[in-house]
Amino acid sequence: MGKHLIARFCAVVAVALMAMGAAAPVVEHWQVVLVAGDTAQPVFDNAVKAMNLWLSGHGVAEADIHRFAASAGPHDPTTGPATLDRVLGRIAALRSRPGDGCFVFITSHGARGLGIYLSRQDEMLRPAPLARALAAGCSGVPTVVVVSGCYSGAFASAMAAPNRIVLTAARADRPSFGCAAERTYTVYDSCLLGALPHATTWRGVFADTKDCVELREHQLDADPSHPQASFGTAVRDLPSQF
């Protein structure tokens, strides 16, 4: 049996054991993909930069953080263009091994029933292609996906898997908010970034982020966005520390 097949077999066994009630998995090495999908407002680039800073400051190697942005310039060695081919190709090529974890953060505008907007080539990222890329690159390892955009709840329901946590900024039939040019981050991204330093599990990150969003909605008299989450059986208590 080749090394690749052995690694895949071990990963499948690990997920099966976790799903039967074993302790929460421990991630020793994170592989990360960060995506700012639109340039219409600076909030998306700002959130990716802040997330990059948080991750690198908590032990994730810069070489393991893959950044994509609609605003990426041709001579920027740190950030690739946020196109469907580049983003999905990078995720599928992660080829995670036992002990690894995958973290994917995507922030942009969203359209009801269509997915998340990637303005670089006027494309929409939908749940099914993202799920296929994750199955190829992060099969059997703990995986956390955050999709921040209007109507993003479809990603939580469509991409559920035993090894996967999916957090979204809004329900499938609700807009998110806070994309104004004068803002630093969207409301959801600001709440998420604020939850990370304090929560100890991804369930805690979701709960704190949701409470923060609901408070801001009440203060702004905005319609509820109803952030969503899906927690796979193997990662329901996954620690949020990097």
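Residues numbered from 1 in each chain as written. Predicted model: local features only at pLDDT ≥ 70, side-chain atom pairs only at ≥ 80, totals over all residues. Heavy atoms only, no water.

Peer 1: Would you mind going over the overall build of the protein with me for this structure?
Peer 2: Looking only at helices and strands, the protein has 7 helices and 10 strands in total. The C-alpha atoms of the protein give 17 Å as radius of gyration, which agrees with the globular expectation for 242 residues (18 Å, within 12%). For the protein, the spread of C-alpha atoms along the principal axes amounts to about 55 × 40 × 35 Å. Looking at the protein residue by residue over its 242 residues, the buried ones come to 51%. Of the contacts made within the protein by residues no fewer than 6 positions apart, 70% connect residues no fewer than 24 positions apart. (Helix = DSSP H or I, 4+ residues; strand = E, 2+ residues; numbered from the N terminus. Rg over C-alpha atoms; globule rule 2.2 N^0.38 Å. Buried < 20%, exposed > 50% of the residue type's maximum accessible area, 1.4 Å probe, protein only. Contact = heavy atoms within 4.5 Å.)

Peer 1: What should I look at first to understand the packing of aromatic side chains in this one?
Peer 2: Centre distance and the angle of the planes are the two values used to describe a pair of aromatic rings. Taken as a whole, this structure holds 5 aromatic pairs when the rule is applied. Look at Phe103 and Phe242: their rings are 5.4 Å apart centre to centre, the planes differ by 75°, and that puts the pair in the edge-to-face class. Residue Phe103 is located in strand β4 (residues 100-107), and its partner Phe242 is located in the segment after β10 (228-231); the two are separated by 139 residues in the primary sequence. Using a relative accessible area of 1% as the deciding quantity, one classes Phe103 as buried. Between Phe206 and Phe231 the ring centres are 6.3 Å apart and the planes differ by 65°, which places this aromatic pair in the edge-to-face class. Taken together, the positions of Phe206 in helix α7 (residues 202-220) and Phe231 in strand β10 put the pair 25 residues apart, joining distant regions of the chain. In this pair, the class of Phe206 matches that of Phe231, namely buried. Its end group placed over the ring of Phe231, Arg203 keeps NZ or CZ at 4.5 Å from the ring centre. (Phe/Tyr/Trp six-rings, centres within 6.5 Å; stacked < 30°, edge-to-face > 60°. Lys NZ or Arg CZ within 6 Å of the ring centre and 35° of its normal.)

Peer 1: Would you take a moment to explain the sheet that holds strand β6 (residues 115-118) for this structure?
Peer 2: Picture the strands of a sheet paired through backbone hydrogen bonds; they go either parallel or antiparallel. The antiparallel open sheet is built from 3 strands, whose spatial order is β5-β6-β7. Strand pairing shows two members of the sheet lacking a second neighbour, β5 (110-111) and β7 (123-125), which therefore form its edges. (Pairing = 2+ DSSP bridges.)

Peer 1: Would you explain the pattern of salt bridges in this entry?
Peer 2: Side-chain pairing between opposite charges can occur once the charged atoms of the two side chains come close. Applying the stated rule across the entire model yields 2 salt bridges. With a closest N to O distance of 2.7 Å, Asp173 and Arg171 form a salt bridge. Judged by its relative accessible area of 30%, Arg171 falls in the partly exposed class. (Salt bridge = Lys/Arg side-chain N within 4 Å of Asp/Glu carboxyl O.)

Peer 1: Help me understand helix α3 (residues 84-92), please; the structure alone is not making it clear to me.
Peer 2: Residues that lie three or four places apart on an α-helix share one face, since the helix turns once every 3.6 residues. For α3, the set of buried residues is Leu84, Val87, Leu88 and Ile91. Buried residues of α3, viewed axially, fall in a sector of 85°; they line one side. Buried residues along α3 sit against β1 (29-36), β2 (65-69), β4, β6, β7 and α4 (127-137). (Arc of directions from axis to C-beta.)

Peer 1: Just checking my understanding: could you explain unusual backbone geometry for this structure?
Peer 2: Outside of glycine, negative phi angles account for most residues, and trans bonds account for most peptide bonds. Even without a glycine there, the phi angle at Arg95 is positive, about 50°. You can see Arg95 is positioned in the loop between α3 and β4. The phi dihedral of Asp221 is positive, around 55°, even though this residue is not glycine. Position of Asp221 among the secondary structure elements: in the loop between α7 and β10. Asp221 sits in the exposed class, given a relative accessible area of 70%.

Peer 1: Please clarify how the sheet that holds β4 should be interpreted in this entry.
Peer 2: Strand order in the open sheet formed by 7 strands is β3-β2-β1-β4-β8-β9-β10, and the pairing between neighbours is mixed. In this open sheet, the two strands that pair with only one neighbour each are β3 (79-81) and β10. Neighbour-to-neighbour, the strand axes of this sheet turn through a mean angle of 15°, independent of strand direction. Pairing of β2 with β3, which is carried by 3 bridges, proceeds in the parallel orientation. Residue Ala69 lies in a different strand from β3, and its bridge partner there is Pro81. The sheet contacts of α3 involve β1, β2, β3 and β4, and relative to β2 the element is tilted by about 165°. (Axes fitted to C-alpha atoms, helices over the stretch in contact; angles between N-to-C directions.)

Peer 1: Explain the environment of Phe68 to me, please; I cannot follow it from the model alone.
Peer 2: Looking at the secondary structure, you find Phe68 in strand β2. Owing to a relative accessible area of 5%, Phe68 belongs among the buried residues under this scheme. Sequence separation between Phe68 and Leu34 is 34 residues, and the spatial gap between their C-alpha atoms is 6.1 Å. Beyond its immediate sequence surroundings of up to four residues, Phe68 is in contact with Val33, Leu34, Val35, Ala36, Thr79, Gly80, Pro81, Ala82, Arg86, Val87 and Arg90.

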